[in-house]
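Summary of the model geometry
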Amino acid sequence: MPAKNQTIGEFIIENQSSFAYTSGELSRLINSIRLAAKVVNHEVNKAGLVDITGAIGGVNVQGEEQQKLDVYANERFIETLTNREIVCGIASEENDDFITIEGQNCDHKNKYVVLIDPLDGSSNIDVNVSVGTIFSIYRRVTPVGTPVTKEDFLQPGNKQVAAGYIVYGTSTMLVYTTGDGVNGFTLNPAIGTYYLSHPNMKFPETGKIYSINEGNYNHFPQGVKDYIKYCQAEEGDRPYTARYIGSLVSDVHRNMIKGGIYIYPKSSKSSNGKLRLLYECNPMAFIVEQAGGKASDGFTRILDIKPTELHQRVPFFCGSKKMVEKAEEFMENASKK
Ligand SMILES: O=P(O)(O)OC[C@H]1O[C@](O)(COP(=O)(O)O)[C@@H](O)[C@@H]1O
Ligand SMILES: [Mg+2]
Ligand SMILES: [Mg+2]
């Protein structure tokens, strides 16, 4: 078990064997992300002050109004990753298409692509509720020395070499996996260093929290309606408690600590749900599974879905293993009727 209060830098060096490729590369990837996260954290903490509040007046490829912090965070992560000579391409929620990073000598020698949701939970920025950043990292599949292509981004989630999130909440935490368990690091803002505060995070097998936007209840598939009724029934260890922050990162983080399930299903209003497979569901699913939880679209394991589009959406069920299995049971039964 790693020593608590180890710095993230020490942890990476000590655990380099858990990364499939050379340690130096992982350090540079995670260091880029933690640096950009510190800069973004600084701005998030000022949310409410004039210059950082509200919409920027643009609409992203999802048709969503972009908040100033969406754009600010996007620029900081892209800039920081680009300057560290480690990525050959970046895809982001805030960019229509992927960005090719040629590298200092324009030789396309870098080996990793990063997919990012720079600011998750945008609707909560101006109301002082916790938000996050989500990242997913793959090794490129196209030859080194050639420009990155869409193929490098459309890999199934089970090919991720690392994934994680930052939650900007009561404290700022960076939580990540390289396929060898999940560890959480809390930022000490006084000295700007992340310390290992949550070693070897584990999803409780079951829990008593369900997180879903029940405002859309009438539009949900029958299986989801049945599962919500199950959660609310006065039986056994139920009713469960409803908790919904409206920031995917924060809802899943809480459920990972306390036990619970988060669901963003498809509905008659959005045929594939809202969340994006590549930079929301895949990285969160990798973390959830590495912590002993489960993640699916109600039927299929998220990490086995073969992506077809950069910004494609999928229904998302994730959390405590037994709770997700129960929800899938309701989905299965309803689909047979
Ligand atoms: O308001 P709704 O429809 O419940 O959606 C909330 C969900 O949408 C999101 O805000 C989508 O993410 P972005 O803020 O990155 O677009 C999730 O974080 C959250 O879980
Ligand atoms: Mg998001
Ligand atoms: Mg976002």
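Sequence order as written defines the numbering, with residues in each chain counted from 1. Chain letters and ligand numbers both follow the written order, the letters beginning at A and the numbers at 1. Thresholds applied to this predicted model are a pLDDT of at least 70 for local features of residues and 80 or more for the giving and counting of side-chain atom pairs; totals over whole chains, interfaces and linings are not thresholded and use all residues. Only hydrogens and water are set aside; all other atoms, that is, all heavy atoms of the structure, feed into the side-chain values.

Quick notes on helix H3 (residues 68-82)
Quick reminder of the rule: Counting from the N terminus, the helices are DSSP H or I runs at least four residues long and the strands are E runs at least two residues long. One fewer than the residue count of a helix, multiplied by 1.5 Å, yields its expected span. The rule is simple: take the accessible area with a 1.4 Å probe, protein chains only, and divide by the maximum for that residue type; under 20% is buried, over 50% is exposed, in between is partly exposed.
Look at H3: 21 Å from first C-alpha to last across 15 residues, which is about the 21 Å you get at 1.5 Å a residue. The buried fraction of H3 is high, at 11 of 15 residues. For H3, every residue scored as buried is listed here: Leu 69, Asp 70, Val 71, Tyr 72, Ala 73, Asn 74, Arg 76, Phe 77, Ile 78, Thr 80 and Leu 81.

Topic: helix H7 (residues 277-290)
Burial analysis of H7 places 12 of its 14 residues in the buried class, which makes it a mostly covered element. Residues of H7 that are buried include every one of Leu 277, Leu 278, Tyr 279, Glu 280, Cys 281, Asn 282, Pro 283, Met 284, Ala 285, Phe 286, Ile 287 and Val 288, and no others.

Structural notes on the environment of Asn 213
Heads up, the rule is: Residue contacts follow a heavy-atom distance rule, with two residues in contact if any of their heavy atoms lie within 4.5 Å.
Along the chain, Asn 213 falls in the loop between strand S11 (209-211) and helix H5 (222-232). Asn 213 sits 33 residues away from Gly 246 along the chain, and the two C-alpha atoms are 7.8 Å apart. Excluding its chain neighbours within four sequence positions, the residues that come into contact with Asn 213 are Phe 220 and Tyr 244.

Observations concerning the coordination of the magnesium ion (ligand 3)
Our working definition: Any nitrogen, oxygen or sulfur atom within 2.8 Å of a metal ion counts as a donor, with the limit raised to 3.2 Å for Na, K and Ca, and since water is left out, coordination shells can look unfinished.
Around the magnesium ion (ligand 3), the donor atoms from the protein are Glu 93 (OE), Asp 117 (OD) and Leu 119 (O), and they sit 2.0 to 2.2 Å away. Mapped onto the sequence, the residues coordinating the magnesium ion (ligand 3) show the spacing E-x23-D-x1-L. Between the two metal centres, the magnesium ion (ligand 3) and the magnesium ion (ligand 2), the spacing is 3.7 Å, with Asp 117 acting as a shared donor. A residue pair is termed long-range when its members are at least 10 positions apart, and Glu 93 in the loop between strand S3 (87-92) and strand S4 (99-100) and Leu 119 in strand S5 (residues 112-120) qualify at 26 residues. Judged by relative accessible area, which is 1%, Leu 119 ranks as buried.

Notes on the coordination of the magnesium ion (ligand 2)
Surrounding the magnesium ion (ligand 2) are the protein donor atoms Asp 117 (OD), Asp 120 (OD) and Glu 280 (OE), which sit 1.9 to 2.1 Å from the metal. Along the chain, the residues that donate to the magnesium ion (ligand 2) are spaced as D-x2-D-x159-E.

Quick word on the site of ligand 1
Our working rule: By convention in these notes, a residue is near a molecule or strand provided one of its non-hydrogen atoms lies within 4 Å of it. N or O atoms closer than or at 3.5 Å make up a polar contact, with two conditions inside protein: a donor-capable atom paired with an acceptor-capable one, and, for residues adjacent in sequence, both atoms drawn from side chains. Using the Shrake-Rupley algorithm and a 1.4 Å probe, accessible areas are obtained, with residue cover drawn only from the displayed protein chains. All amino acids are sorted into three groups, where Ala, Val, Leu, Ile, Met, Phe, Trp, Tyr, Cys and Pro are nonpolar, Asp, Glu, Lys and Arg are charged, and the leftover types, Gly among them, are polar. Bear in mind that the domain bounds are from an automatic or database domain assignment.
Close to ligand 1 lie 17 residues, the nearest being Asp 120, Gly 121, Tyr 244, Leu 248 and Tyr 264. Gly 121 places a main-chain nitrogen or oxygen 2.8 Å from an oxygen atom of ligand 1. One of the side-chain nitrogen or oxygen atoms of Asn 213 is found 2.9 Å away from an oxygen atom of ligand 1. Bound to the protein, ligand 1 loses 88% of the 470 Å² it would expose on its own. With three residues, S5 is the largest single contributor of residues to the shell around ligand 1. A breakdown of the residues in the shell around ligand 1 according to their chemical character gives five nonpolar, five polar and seven charged. Two domains each put at least three residues into the shell around ligand 1: domain 1 (8-198) and domain 2 (209-335).

Thoughts on the packing of aromatic side chains
The geometry of an aromatic ring pair is captured by two quantities: the separation of the ring centres and the angle between the planes. Rules: Geometry of aromatic contacts follows a simple scheme: Phe, Tyr and Trp rings, the Trp one being its six-membered ring, pair when their centres are within 6.5 Å, and the pair is stacked under 30 degrees between planes, edge-to-face over 60, tilted otherwise. The criterion is that NZ of a Lys, or CZ of an Arg, lies within 6 Å of the ring centre and within 35 degrees of the ring normal, and then a charge sits over that ring.
Here the structure, examined in full by the defined rule, presents nine aromatic pairs. Taking the centre distance of 5.1 Å and the plane angle of 70° together, the rings of Phe 11 and Phe 185 count as edge-to-face. Note that Phe 11 is positioned in helix H1 (residues 8-14) and Phe 185 in strand S9 (residues 182-188), a separation of 174 residues in sequence. The rings of Tyr 227, Tyr 230, Tyr 240 and Phe 330 are connected pair by pair, giving a single aromatic cluster. The positively charged end of Arg 76 is found above the aromatic ring belonging to Tyr 72, 4.7 Å away from the centroid.

Considering the UniProt feature "binding site: substrate" (unreviewed entry) in the chain
Note the cut-off: UniProt positions are given in the numbering used here, feature names are shortened, and annotations may be inferred rather than shown by experiment.
As annotated in UniProt, the feature "binding site: substrate" (unreviewed entry) corresponds to Asp 120, Gly 121, Ser 122, Ser 123, Asn 213, Tyr 244 and Lys 274 in the numbering used here. Here Asp 120 lies in strand S5. Non-local contacts of Asp 120, meaning those with residues more than four positions away in its chain, are made with Val 131, Gly 132, Thr 133, Ile 134, Ser 247, Leu 248, Val 249 and Glu 280. Summarising the element assignment, Ser 123 is placed in the loop between S5 and strand S6 (131-139). Of the residues examined, Ser 123 reaches a relative accessible area of 62% and is grouped as exposed.

Quick notes on the sheet that holds S4
Inclusion rule: Here a strand pair is declared whenever DSSP counts at least two bridges between the two strands. The convention used is that axes are lines fitted to C-alpha atoms, helices contributing only their stretch in contact, and that angles between N-to-C directions extend from 0 to 180 degrees.
Strand order in the open sheet made by the eight strands is S4-S3-S5-S6-S7-S8-S9-S10, with mixed pairing throughout. A single partner strand is all that each edge strand has here, and the edge strands are S4 and strand S10 (193-198). Pairing of S5 with S6, which is carried by seven bridges, proceeds in the antiparallel orientation. Among the inter-strand pairings, Asp 117 is bridged to a residue of S6, identified as Ile 134. Sheet contacts for H3: S3, S4, S5, S6 and strand S7 (162-168); angle to S5, the most-contacted strand, approximately 155°. Along the sheet, H7 contacts S3, S5, S6, S7, strand S8 (172-177) and S9; its crossing angle with S6, the most-contacted strand, is approximately 85°.

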